[in-house]
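Summary of the model geometry
Residues per chain are reported as follows:
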Amino acid sequence: RNRIGADRSIQLFTEESGMLSARASGIREEKSKMRYALQPFSFARVTLVRGRHEWRLTGALCDSNVFFAAQDRACRVQLLKLMRLVDRFVTGEEESRDLFRIVKEGIQHLAEFDDEHAYRVVAFRLLSLLGYIAPKGELEVLVSPLTLSEILLGYDTSLGAHLDRDIERALSVSHL
């Protein structure tokens, strides 16, 4: 029996270590208890061991899967857009609790609401925290320590064009 084919490399976005890659042994086998906890868009508690060359996953418990819990297809589309942005810009093992909080709030909100304005705000906050956007003027409130819900309560929808422009500029300048 070929166990090597049952192994898989998993990308994890963690609060303590940022983005990291871990080897999950036997994850594709039917008897694997971790396979459901490690599906895309899962919030999971994982146990990792640092190997000589890579992280190894030794345990995982799924708290929730926001993709399956999302309200509808439109919400799933917003979630996919956000996760592609995270995948594109968040690299390496570096602790950033603020970045994790911003992404987690965004995921939780977008799973519930098909909200293009919320996506823009989360994308702007993420790119700003990573240094791709320098917020100026009325956009500075978007990078304050307020929660996403608090920002959206006072959000002026006329800022959408400014956000789109800044986000597009950051995406094109980054060459990622």
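Everything below is about the structure shown above.
First, a word on scope: everything that follows refers to the structure included in this document. (Residues numbered from 1 in each chain as written. Predicted model: local features only at pLDDT ≥ 70, side-chain atom pairs only at ≥ 80, totals over all residues. Heavy atoms only, no water.)

1. Here we look at the packing of aromatic side chains
Operational definition: The aromatic pairing rule takes the rings of Phe, Tyr and Trp, using the six-membered ring of Trp, and pairs them if the centres are within 6.5 Å, calling planes under 30 degrees apart stacked, those over 60 edge-to-face and the rest tilted. Helix numbering and strand numbering both begin at the N terminus, where a helix is a DSSP run of H or I of at least 4 residues and a strand a DSSP run of E of at least 2. We call a charge positioned above a ring when the Lys NZ or Arg CZ atom is no farther than 6 Å from the ring centre and deviates by at most 35 degrees from the ring normal.
For the structure on display, the rule yields four aromatic pairs. Arranged with centres 5.6 Å apart and planes meeting at 40°, the rings of Phe13 and Phe100 form a pair that is tilted. Taken together, the residues Phe13 in strand S1 (residues 8-14) and Phe100 in helix H3 (residues 97-112) connect sequence positions 87 residues apart. The ring of Tyr119 carries the charged tip of Lys81 above its face, separated from the ring centre by 4.2 Å.

2. A look at the sheet that holds strand S4 (residues 55-65)
Worth spelling out the cut-off: When DSSP finds at least two bridges between two strands, those strands are taken to pair. For helices, the axis comes from a line fit to the C-alpha atoms of the stretch in contact; other axes are also lines fit to C-alpha atoms, and the angle between any two N-to-C directions lies between 0 and 180 degrees. For this analysis, residues touch if any pair of their heavy atoms sits within 4.5 Å.
With mixed pairing, four strands are arranged side by side in an open sheet as S1-S2-S4-S3. The sheet is open, and its two borders are formed by S1 and strand S3 (42-50), each paired with just one other strand. Between one strand axis and the next, the sheet turns by 35° as a mean value, whatever way the strands run. Pairing analysis gives three bridges linking strand S2 (residues 18-24) to S4, with the strands arranged parallel. Each residue of the ladder has a partner; that of Ala22, found in S4, is Trp55. Packing against the sheet, H3 makes contact with S1 and S3, and its axis sits at approximately 100° to S1.

3. A word on the pattern of salt bridges
The following threshold applies: For this document, the term salt bridge refers to a Lys or Arg side-chain nitrogen within 4 Å of an Asp or Glu carboxyl oxygen. In this scheme, a residue with accessible area under 20% of its type's maximum is buried, one over 50% is exposed, and one in between is partly exposed, where area comes from a 1.4 Å probe on protein chains only.
In this structure the tally under the stated criterion is 12 salt bridges. In this structure, Arg120 engages Asp164 in a salt bridge whose closest nitrogen and oxygen atoms are separated by 2.8 Å. With Arg120 in helix H4 (residues 116-129) and Asp164 in helix H6 (residues 160-174), this pair connects stretches of sequence that are 44 residues apart. For Arg120, a relative accessible area of 14% translates into the label buried. Given a relative accessible area of 31%, Asp164 falls into the partly exposed group. Where salt bridges share partners, they join Asp98, Arg101, Glu105 and Arg125 into one cluster.

4. With respect to the nonpolar core
Generally speaking, soluble globular proteins have nonpolar side chains that are buried together. Convention followed: What makes a nonpolar core is a set of buried Ala, Val, Leu, Ile, Met, Phe, Trp, Tyr and Cys residues whose side-chain atoms join them at distances within 4.5 Å.
Ranked by size, the top nonpolar core spans 38 residues in total, and within it Leu79, Val121, Leu142, Leu163 and Ile167 carry the most contacts. Among the secondary structure elements, those contributing two or more residues to this core are helix H2 (73-89), H3, H4, helix H5 (148-153) and H6. In terms of residue count, the dominant contributor to this core is H4 (eight residues). Aside from chain neighbours lying at most four places away, what touches Val121 is Leu142, Leu148, Ile151, Leu152, Tyr155 and Leu163. Core analysis: the next-biggest nonpolar cluster, separate from the first, contains 12 residues, Leu20, Ile27, Leu38 and Trp55 among them.

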